[in-house]
Amino acid sequence: MNVLFCVFSGTGNTRRVALRMAEELRALGHTASFYDIKKKAPMPETEGFDCIFFCYPVHAFNAPKPVTAFLKKFPRGNVPVYLLRSEGEPSKLNDASGISPKRILKKRGYLVAGEFIYVMPYNIMFRHSDGMAARMWQAAERRIVRDARAVDALGGEVKRVNLIRRAAAFALRIEHPAMPVLGKTFHVDKTKCVGCGACAAGCPCGNITMENGRPKFGMACVGCMGCAFLCPVDAVRISLLNPWRVNGRYVLEGTPATDEEVCRYLHKMYTRYFHESEQL
Ligand SMILES: Cc1cc2nc3c(=O)[nH]c(=O)nc-3n(C[C@H](O)[C@H](O)[C@H](O)COP(=O)(O)O)c2cc1C
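First, a word on what this report is: a plain description of the structure on this page.

Turning next to the pairing of strand 1 (residues 2–7). Burial analysis of strand 1 places five of its six residues in the buried class, which makes it a mostly covered element. Where strand 1 lies against strand 2 (residues 31–36), six bridges are found, and the strand directions are parallel. Along strand 2, the bridge assignment pairs Cys-6 with Tyr-35. Handedness of the strand 1-helix 1 (residues 13–27)-strand 2 crossover: right-handed.

Shown next, in the form of structure tokens:
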């Protein structure tokens, strides 16, 4: 199969998972190409692809707005498609993040053959320990090996979402109109900013421009956290969300946390997810 991966990723977790899935599919004899979902980027050419992955992080139990906007314009077709997501916690509420993409894709002629969701470290809220990050990555890799085999057989599972979870996700869609307003109030700590432009270069929404050596935030923010997370000197301040700011890449190849070291927050949920992954 010739597989196309369309990826939206704020801080790199989703991209990493998608790249690992592509590696696994290549090992099974398939080819994989990548396309970044970015504002103003021309639509990808879909001719010649037998299968398409749409990859994105869960944002407030939903798909990020640039992803749904991209899908609405995506060329019509009827090849099998998969949704691949990364999330910060193994919560069933996150299953709702496939609802809008599935509805849009159906209208464009596609059938979603499967949904895959992997827990990766939080890029907002609080910083997971590197041990937790490494254990998450270990679990994701095991799941990717299993899921690639399902794709190889054009199999997969589509999530069913109950009414309560749908309602919770619907309520949090307020994030979509709220983030551009909040994002406009992001700024940098002038005593720290070195004007390197990493925030502007990494913003998938093209929302940051450099003016007189300092970033200027526009009205197209979707709260992906790329700017705050990737700033090499932790200079970006994210307004009301600042207490939840997470800065700096995780080390995923380190020593995985033991069961005792699994974070107290949602301890049971994470432990269950890790144990299930280790059975694979
Ligand atoms: C605005 C925002 C909202 C988020 N909401 C959720 C959520 O509802 N559930 C969850 O498990 N993780 C949530 N996360 C965490 C991300 O889904 C997670 O860290 C993901 O791996 C980030 O992927 P990326 O690096 O590709 O952007 C949220 C992150 C951001 C920035």
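Even without being glycine, Leu-154 reaches a positive phi, approximately 55 degrees. Within the secondary structure, Leu-154 is located in the loop between helix 4 (130–152) and helix 5 (163–171). For Asn-212, which is not glycine, the phi dihedral falls at a positive 50 degrees. By the secondary structure assignment, Asn-212 is in the loop between strand 7 (208–211) and strand 8 (214–217). By the C-beta count within 10 Å, which is 6 here, Asn-212 ends up exposed.

As a further point, take helix 3 (residues 99–107). Among the residues of helix 3, those classed as buried are Pro-101, Lys-102, Ile-104 and Leu-105. All buried residues of helix 3 lie within an arc of 165 degrees about the axis, which places them on one face of the element. Turned more than 90 degrees off the buried face of helix 3, the exposed positions are Arg-103, Lys-106 and Lys-107. Those residues of helix 3 that are buried lie in contact with strand 3 (51–57), helix 2 (65–73), strand 4 (80–87) and strand 5 (111–119). At the C-terminal side of helix 3, Gly-109 shows a positive phi close to 100 degrees.

Turning to the packing of helix 2 against helix 3, a few remarks are in order. The contact between helix 2 and helix 3 brings their axes to 9 Å, and the two run at 10 degrees. Accordingly, the angle class assigned to the pair helix 2 and helix 3 is roughly parallel. Together, Val-67, Thr-68, Leu-71 and Lys-72 of helix 2 and Ser-100, Pro-101, Ile-104 and Leu-105 of helix 3 make up the contact between the two elements.

Here the focus is the site of the ligand. Residues in contact with the ligand amount to 24 residues; listed here are only the nearest, Gly-10, Asn-13, Thr-14, Pro-57 and Gly-88. Among the secondary structure elements, those contributing two or more residues to the shell around the ligand are helix 1 and strand 4. Each residue belonging to the shell around the ligand can be placed in one class, and the counts come to nine nonpolar, 13 polar and two charged. Of the domains in this structure, domain 1 (2–167) and domain 2 (184–244) are the two that each give at least three residues to the shell around the ligand.

What counts and how
- Residues numbered from 1 in each chain as written.
- Predicted model: local features only at pLDDT ≥ 70, side-chain atom pairs only at ≥ 80, totals over all residues.
- Buried ≥ 20, exposed ≤ 12 C-beta atoms within 10 Å, placed from the backbone.
- Helix = DSSP H or I, 4+ residues; strand = E, 2+ residues; numbered from the N terminus.
- Pairing = 2+ DSSP bridges.
- Right-handed = clockwise from strand over helix to strand, strands pointing away.
- Arc of directions from axis to C-beta.
- Contact = placed C-beta atoms within 7 Å.
- Axes fitted to C-alpha atoms, helices over the stretch in contact; angles between N-to-C directions.
- Parallel < 35°, antiparallel > 145°, perpendicular 65-115°, else oblique.
- Near = placed C-beta within 6 Å.
- Nonpolar A, V, L, I, M, F, W, Y, C, P; charged D, E, K, R; others polar.
- Domains from an automatic or database assignment.

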